[in-house]
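So the chains spell out like this:
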Amino acid sequence: MQLAQRTHRISPSLTLALDARAKQLIAKGEDVVNMAVGEPDFPAPACVIEATLELARTGRVRYTPGAGTPGLRSAIAEHLVQTRGGAWEPAQVTVCHSTKHALSATLMCLVQEGDEVLLPLPAWTSYFDQVRLTGAKPVAVASPVDAQGFHPDLEALEAAITPRTRVIMINSPNNPSGTVWSREEMIQIVELAVKHDLWVLSDEIYRALVFDDAVAHSPAGLVPGAAERILIVDGASKCFAMTGYRMGFFAGPVEVAACVAKVNSQTNGAPNTLGQFAYERALRETPPELEIMRRTYAERRDVLVAGLEQLGLKTPAPRGAFYAFPQLERYMDERGSLGLCADLLEEQRLALIPGIAFGIDTHVRLSFATDLDSIREALKRLGEFLAKRS
Ligand code: PLP
């Protein structure tokens with residue numbers, strides 16, 4: 001059987017594959033602690049559920065315009081004015097069938113065979129293969145790490161730029177590390193993009209999930225004259241606990257938004273109608289559940305990070321998102337983080353995500369989108385495992 005060449009450039013999402021293996025063991029009745037999950041363990045807010053039922057009951061669940069309903073596009077534009085500042089028009093917004101789809105459609109619009117896309121590490125696993133699917137090449141750039149997190153290495157990024165470089169893809173708050181870049185770091189990235197005529201594709205899906213005094217800075221509006229090269233993607237999955245609704249959006253220059261809508265119109269048609277209605281409600285009402293979820297994540301993070309440090313594991317402070325990314329290099333053999341996570345699952349029934357999925361083979365990712373009992377049990381199992389390997 002001969003399948004298209006482009007499909008050989010990519011592999012199934014590593015994080016989804018491990019999550020599936022853990023779920024398979026759970027289905028068989030095994031006592032697995034699943035710290036691999038990348039989705040909130042909360043129900044969607046009450047207003048979201050009500051809106052979904054309200055529309056479903058009318059029976060008018062039909063196709064919407066391909067770029068999204070006028071109501072949702074204007075709600076997103078207003079939300080952008082409030083959260084990113086500056087002026088935003090609905091025409092700059094294209095609603096997408098998830099943030100993942102917003103990312104892939106945007107890349108389809110920006111790059112082609114032979115182009116290069118810069119990925120400061122660690123980078124969300126899907127970025128690599130989404131870039132490869134377009135025919136372009138992902139160029140990973142290492143980032144120095146300290147107790148505050150992973151910092152963009154401006155010199156290394158600049159050295160990696162070639163005449164084929166088109167885009168720099170960024171993600172703050174970051175999956176897998178929880179790092180939140182400072183305003184200064186964000187400005188430096190935009191200035192680099194201006195200097196080398198690059199797009200900045202900013203995945204802001206964890207923007208609302210920040211802890212302590214952290215502020216999630218968007219590259220939008222930071223550098224005068226740079227607006228035409230700043231492209232934002234965001235969505236409902238993480239901050240509104242709406243993963244299954246598959247709601248995301250692109251926001252940026254009108255021409256790019258129209259191009260994303262054109263690509264989407266030929267790939268998935270219109271985004272989900274119920275999802276759009278519910279997402280609009282969530283954006284307009286700012287449900288009280290959001291703050292409760294955010295505070296709960298912060299409490300869980302404190303327990304998890306303190307426990308990891310007690311085990312002697314260096315963990316860059318997660319100041320956003322819902323992941324911790326400790327360093328476990330000295331416990332790894334030649335199979336690296338993948339081998340370590342496979343052993344943890346088989347020996348301790350503990351599911352984590354190997355750092356190699358994010359371009360960093362010395363670390364592993366633990367999600368704290370799970371209850372405190374599971375977090376404590378995970379720390380216990382991890383401790384037992386590390387003790388055996390010491
Ligand atoms: N971007 C990042 C950094 C993510 O971690 C995820 C999901 O894990 C997504 C995008 C995809 O979100 P969505 O559910 O909207 O496709």
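A quick note: this is a predicted structure, and the numbers were derived from the prediction, not measured.

What counts, and at which threshold
- Residues numbered from 1 in each chain as written.
- Predicted model: local features only at pLDDT ≥ 70, side-chain atom pairs only at ≥ 80, totals over all residues.
- Heavy atoms only, no water.
- Helix = DSSP H or I, 4+ residues; strand = E, 2+ residues; numbered from the N terminus.
- Rg over C-alpha atoms; globule rule 2.2 N^0.38 Å.
- Buried < 20%, exposed > 50% of the residue type's maximum accessible area, 1.4 Å probe, protein only.
- Contact = heavy atoms within 4.5 Å.
- Near = heavy atom within 4 Å.
- Polar contact = N/O pair within 3.5 Å; in protein donor to acceptor, adjacent residues only side chain to side chain.
- Areas by Shrake-Rupley, 256 points an atom, 1.4 Å probe, with all protein chains shown as cover.
- Nonpolar A, V, L, I, M, F, W, Y, C, P; charged D, E, K, R; others polar.
- Salt bridge = Lys/Arg side-chain N within 4 Å of Asp/Glu carboxyl O.
- Axes fitted to C-alpha atoms, helices over the stretch in contact; angles between N-to-C directions.
- Left-handed = near helix turned anticlockwise from the far one by under 90°.
- Pairing = 2+ DSSP bridges.
- Core = buried A, V, L, I, M, F, W, Y, C linked by side-chain atoms within 4.5 Å.
- Domains from an automatic or database assignment.
- Buried area = accessible area lost by both parts, 1.4 Å probe.

J.: Quick one: what's the story with the overall build of the chain, residue by residue and with numbers?
T.: In terms of helices and strands, the chain carries 13 helices and 14 strands. Computed over the C-alpha atoms, the radius of gyration of the chain is 21 Å, within 12% of the 21 Å expected from 2.2 N^0.38 for a compact globule of 390 residues. Along the first, second and third principal axes, the C-alpha atoms of the chain reach 60 × 55 × 55 Å. The proportion of buried residues among the 390 residues of the chain is 56%. Once local pairs closer than 6 in sequence are excluded, the contacts in the chain between residues at least 24 apart make up 78%.

J.: Explain the site of the ligand to me, and be specific about the residues and the numbers.
T.: Around the ligand lies a shell of 13 residues, among which N175, D203, S237, K238 and R246 are the nearest. Take Y206: an N or O atom from its side chain is 2.8 Å from an oxygen atom of the ligand. One of the side-chain nitrogen or oxygen atoms of K238 is found 2.7 Å away from an oxygen atom of the ligand. For the ligand, the protein covers 93% of the area, taking 400 Å² as the surface of the free molecule. Taken together, the residues that form the shell around the ligand break down as 4 nonpolar, 5 polar and 4 charged.

J.: Summarise the side chain of R349; cite the residues concerned and give the values.
T.: Looking at where R349 falls in the secondary structure, it is placed in the loop between α12 (336-348) and β12 (350-351). When its relative accessible area of 18% is taken as the criterion, R349 is described as buried. There is a polar contact of 3.2 Å between the side chain of R349 and the backbone oxygen of E346. Setting aside chain neighbours within four positions, we find R349 in contact with L25, E30, D31, V32, V33, L344 and R381.

J.: Please set out the pattern of salt bridges residue by residue, giving values where relevant.
T.: Side chains that differ in sign of charge can pair as their charged atoms come close. One pass over the structure, following the stated rule, counts 28 salt bridges. The closest approach of N and O atoms between K380 and E377, which form a salt bridge, is 3.6 Å. In this pair, K380 and E377 both sit in helix α13 (residues 372-389), 3 residues apart, roughly one turn of the helix. Under the relative-accessibility criterion, K380 is labelled partly exposed at 47%. Residue E377 is classed as partly exposed on the basis of its relative accessible area of 25%.

J.: Give me the lowdown on the packing of helix α5 (residues 99-110) against helix α6 (residues 125-134), citing residues and values where you can.
T.: As a packed pair, α5 and α6 sit with axes 9 Å apart at the nearest point and diverge in direction by 35°. Crossing of α5 over α6 shows right-handed handedness. Contact residues: K100, L103, S104, L107 and M108 in α5; S126, Y127, Q130, V131 and T134 in α6.

J.: With reference to specific residues and values, describe the sheet that holds strand β11 (residues 323-324).
T.: Taken together, 3 strands build an open sheet; the order of strands is β11-β14-β13 and the sheet is antiparallel. Unpaired on one side and paired on the other, β11 and β13 (353-354) mark the two borders of the sheet. Sheet analysis places β13 next to strand β14 (residues 364-367), joined by 2 bridges and oriented antiparallel. Of the residues in β14, the one forming a bridge with P354 is V364.

J.: Residue-level account of the nonpolar core, with values.
T.: Membership of the largest hydrophobic core comes to 83 residues, with the highest contact counts inside it found for M35, I76, F240, M242, Y279, L304 and L328. Residue assignment places this core across two domains, with domain 1 (5-44 + 289-389) and domain 2 (46-285) each supplying three or more. Ranked by size, the runner-up nonpolar core spans 39 residues in total, among them V111, L121, L201 and F250.

J.: Before we move on, could you go through the domain arrangement of the chain and cite the residues and values that matter?
T.: Here the chain is described as being made up of domain 1 (5-44 + 289-389) and domain 2 (46-285). Measuring from the centre of the C-alpha atoms in domain 1 to the corresponding centre in domain 2 gives 24 Å. Tallying the contact residues gives 37 residues for domain 1 and 45 residues for domain 2. Both sides of the domain 1 and domain 2 interface together cover about 3300 Å² of buried area, and 59% of this is carbon and sulfur. In this assembly, domain 1 and domain 2 are joined by 3 salt bridges. Across the salt bridge formed by D213 and R319, the nearest N and O atoms sit 2.7 Å from each other. Our count for the contact surface shared by domain 1 and domain 2 stands at 18 residue pairs in polar contact (both at pLDDT 80 or more). Of all the secondary-structure elements, those providing two or more residues to the side of domain 1 that touches domain 2 are α2 (14-27), α11 (289-310) and β11. The element that contributes the greatest number of residues to the side of domain 1 that touches domain 2 is α11, accounting for 7 residues.

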